Amino acid sequence: MPRRSFVRALTGALTASFCSLVPAASAATPSATIAQRINAIRSARGLPPLRVVPGLVRAARIHSLTQARRDLLTHDGFAARLQNAGIAIHTAGENVAAMPGCGADAARETVTAWMASPPHRRNILSPRFRMIGSALVVRGACQTAYATAEFAG
């Protein structure tokens, strides 16, 4: 493993351990499950899939970690997060959630809850959006899963 990747992995592991938070971000993780579920829903309705964008994934992960640390759902800092990801805010949206549990089940339940909420469903089904970044961070030992989905056109 290259030194830089090792240092990032170690830093991430230490941060997660120190804060009792576990970010989930690889292709087979609950974070990715959120984007996959959203794209399956869009596909079933004849909408094009959203492209996963690393900058939006990073913004979603940072926001989910912040919410988990604070044990609070919020959209605070939305414009700054997207600006830092290089996204114009006039073509963007955000869904956040806190669910009991962890893992893929929490990711699936999060998307189901968003689809039951008109404002969140609008973001998921908006034809204006072409990109997504999603993240799920667990607070405690499967206590609460904080999820964020960042959408952009």
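Before any of the text, the structure's been laid out above.
About the cut-offs
- Residues numbered from 1 in each chain as written.
- Predicted model: local features only at pLDDT ≥ 70, side-chain atom pairs only at ≥ 80, totals over all residues.
- Heavy atoms only, no water.
- Helix = DSSP H or I, 4+ residues; strand = E, 2+ residues; numbered from the N terminus.
- Expected span 1.5 Å × (residues − 1).
- Buried < 20%, exposed > 50% of the residue type's maximum accessible area, 1.4 Å probe, protein only.
- Contact = heavy atoms within 4.5 Å.
- Phe/Tyr/Trp six-rings, centres within 6.5 Å; stacked < 30°, edge-to-face > 60°.

Student: Explanation requested: helix α5 (residues 103-115) in the structure shown.
Tutor: Each turn of an α-helix holds 3.6 residues, which means side chains three or four residues apart point in the same direction. The first and last C-alpha atoms of α5 sit 19 Å apart over 13 residues, in line with the 18 Å expected at 1.5 Å per residue. What α5 keeps buried is the set Ala106, Ala107, Thr110, Val111, Trp114 and Met115. Among the structural elements, α2 (30-44), β3 (92-100), α6 (118-125), β4 (131-139) and β5 (144-152) are those in contact with the buried residues of α5.

Student: Please clarify how the packing of aromatic side chains should be interpreted in this entry.
Tutor: Aromatic rings in a pair are described by how distant their centres are and how their planes are angled relative to each other. Applying the stated criterion to the full structure yields one aromatic pair. Look at phenylalanine 129 and phenylalanine 151: their rings are 5.6 Å apart centre to centre, the planes differ by 20°, and that puts the pair in the stacked class. Remark: phenylalanine 151 occurs in strand β5 and phenylalanine 129 occurs in the loop between α6 and β4; sequence separation between them is 22 residues. Phenylalanine 129 sits in the buried class, given a relative accessible area of 2%.

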